[in-house]
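# Notes for the structure review
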Amino acid sequence: MIAMNRYTERTLLIALLARHFPSDLRLDLDAERGFQSVMTLHLPTGQASWHVADHDVYLLGHVDRLRPSEWDGHTTAEKYDRIRRLIDQGGRG
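Residues numbered from 1 in each chain as written. Predicted model: local features only at pLDDT ≥ 70, side-chain atom pairs only at ≥ 80, totals over all residues. Heavy atoms only, no water.

### Topic: the layout of surface pockets
Applicable threshold: Here a cavity means grid points, on a 1 Å grid over the protein atoms only, where a 1.4 Å probe fits yet cannot get out; a pocket means an open set of points with protein on both sides within 12 Å along at least five of seven lines; lining residues are those with an atom within 4 Å of a point. Grid points are joined across faces, edges and corners, and a volume is the space filled by probe spheres set on the points. Each helix is a run of DSSP H or I of at least 4 residues and each strand a run of E of at least 2, with the numbering of both proceeding from the N terminus.
Volume-wise, the largest pocket comes out at about 220 Å³. As for the largest pocket, its lining consists of 13 residues, of which S49, W50, H51, W71 and K79 are closest to the centre. Listing elements by their share of the lining of the largest pocket, those giving two or more residues are strand 3 (46–52) and helix 2 (76–88).

### Considering the nonpolar core
Just so we agree on the cut-off: Working definition of a nonpolar core: buried Ala, Val, Leu, Ile, Met, Phe, Trp, Tyr and Cys residues. They are joined through side-chain atoms within 4.5 Å. Each residue gets one of three labels from its accessible area relative to the maximum for its type: buried under 20%, exposed over 50%, partly exposed in between, using a 1.4 Å probe on protein chains only. Contact criterion: two residues are considered in contact whenever any of their non-hydrogen atoms come within 4.5 Å of each other.
With 15 residues, the main nonpolar core has L25, M39, L41, L43, L60 and V63 as its most contacted residues. Within the residue set of this core, elements represented by two or more residues are helix 1 (6–18), strand 2 (37–43) and strand 3. Not counting chain neighbours up to four residues away, the residues in contact with L43 comprise F21, A48, I83 and L86.

### What to know about the sheet that holds strand 1 (residues 23–27)
Applicable threshold: Any two strands with at least two DSSP bridges between them are considered paired. Inter-axis angles, ranging from 0 to 180 degrees, are taken between N-to-C directions of lines fitted to C-alpha atoms, where helices are fitted over the stretch in contact.
Strand order in the open sheet made by the 3 strands is 1-2-3, with antiparallel pairing throughout. Edge positions in the sheet fall to strand 1 and strand 3, since each of these pairs with one other strand and no more. In this sheet, adjacent strand axes meet at a mean angle of 25 degrees when their direction is disregarded. Relative to strand 2, strand 1 is paired through 5 bridges, and the arrangement is antiparallel. What sits directly across from L25, in strand 2, is M39. Sitting on the sheet, helix 1 is in contact with strand 1, strand 2 and strand 3, with an inclination near 40 degrees to strand 2.

If you want it as structure tokens, here you go:
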């Protein structure tokens, strides 16, 4: 059984979304220690990315690590706006 905390719960949801949308995982060595992996979903409405706790990266074993994308500079507000627009479009763009 997976030990749950808010970061693990979030990573599980992101991992599920990564089964339905192109995604990749890259390192951000400037990020806070323990959160240097960045998971990016490539949604029809644009990128959405999250820093992932090191102890949860194993949940993203199905995510591409060989061709990491560059961050498009989106803010947290833009990320969630992109998600809301995708929901409004029916979830698949």
